[in-house]
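Overview (structure and organization)
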Amino acid sequence: MTQPQPVEPSATAALSDEALVAAAQAARRHAYAPYSQFSVGAVVQTRSGRFYTGCNIENASFGLTVCAERVALFKALSEGERAFRAVIIATEAATPTPPCGACRQILWEFCGDIRVISVGWQGATAEWPLGALLPAAFDALSLPARQSAEASAPPPRTQRRKRSGRRVRESAAASGRAAR
Ligand SMILES: [Zn+2]
């Protein structure tokens, strides 16, 4: 098997899915996973075409472990990125690994209903919309202050409002208010 080649970080030209997968696989090599032996690489792709890599970083105090997806996302956020297109996850698991619950929640906060692509052993691939992995998500719109001041809410994206489940909830809440 050929080693995945590193890709120039934060390339400005939009990369193909294959190139993003290669970048995630390369990032996986930097994983610090002595406890689980489960190395993970990740890439977040911005809407502008840039990408940021991450790997899981474990700790002897297990609860301090940070997943590859969050490392990649936080790198991007710390560089000022706020608009995302996709997250790519690379492992060597027989079945492509979806993001854990914590990462789903954090990805939703910043990325909304983006593509989630996961590649495992021998190229086994799965793809989901994040909304399918986190139905009825709790987010800023779930907070009472946001429901009444939605127009000034800071969430950086518009994708979240595409989810039909959210609209159902919002309309149910609205009719509840109207009934009172
Ligand atoms: Zn995670």
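Relevant structure appears above.
Report follows, based on the coordinates.

Re the overall build of the protein
Secondary structure assignment for the protein yields 6 helices and 5 strands. When each of the 180 residues of the protein is scored for burial, the buried share is 32%. The contacts of the protein with a sequence gap of at least 6 include a subset with a gap of at least 24, amounting to 57%.

Concerning the environment of V43
Topologically, V43 is positioned in strand β1 (residues 41-46). Setting aside residues up to four positions removed in sequence, V43 forms contacts with L20, A23, A24, A27, F51, Y52, T53, A72 and I88.

Notes on the nonpolar core
Ranked by size, the top nonpolar core spans 36 residues in total, and within it A24, A42, V43, V44, A68, A72 and I88 carry the most contacts. Only α1 (17-28), β1, β2 (51-55), α2 (68-78), β3 (84-90), α3 (101-111) and β4 (115-119) provide two or more residues apiece to this core. With 6 residues, the single largest contributor to this core is α1.

So, the pairing of β3
Of all the 7 residues making up β3, 5 are buried; the element is thus mostly covered by neighbouring parts of the structure. Running through α3, the crossover from β3 to the neighbouring parallel element β4 is right-handed.

A short note on the pairing of strand β5 (residues 125-129)
Pairing of β4 with β5, which is carried by 5 bridges, proceeds in the antiparallel orientation. Across the sheet, residue V119 finds its bridge partner in β5, namely T125. In this structure, the hairpin formed by β4 and β5 is closed by a connection of 5 residues, where Q122 is found at a positive phi of approximately 55°.

Comments concerning the sheet that holds β2
One open sheet holds the 5 strands; their spatial order is β2-β1-β3-β4-β5, and the pairing between them is mixed. In this open sheet, the two edge strands, each paired with only one partner strand, are β2 and β5. If you compare each strand with its neighbour and ignore which way they point, the axes differ by 15° on average. The sheet contacts of α2 involve β1, β2 and β3, and relative to β2 the element is tilted by about 140°.

Scoring rules and cut-offs
Residues numbered from 1 in each chain as written. Predicted model: local features only at pLDDT ≥ 70, side-chain atom pairs only at ≥ 80, totals over all residues. Helix = DSSP H or I, 4+ residues; strand = E, 2+ residues; numbered from the N terminus. Buried ≥ 20, exposed ≤ 12 C-beta atoms within 10 Å, placed from the backbone. Contact = placed C-beta atoms within 7 Å. Core = buried A, V, L, I, M, F, W, Y, C linked by C-beta atoms within 7 Å. Right-handed = clockwise from strand over helix to strand, strands pointing away. Pairing = 2+ DSSP bridges. Axes fitted to C-alpha atoms, helices over the stretch in contact; angles between N-to-C directions.

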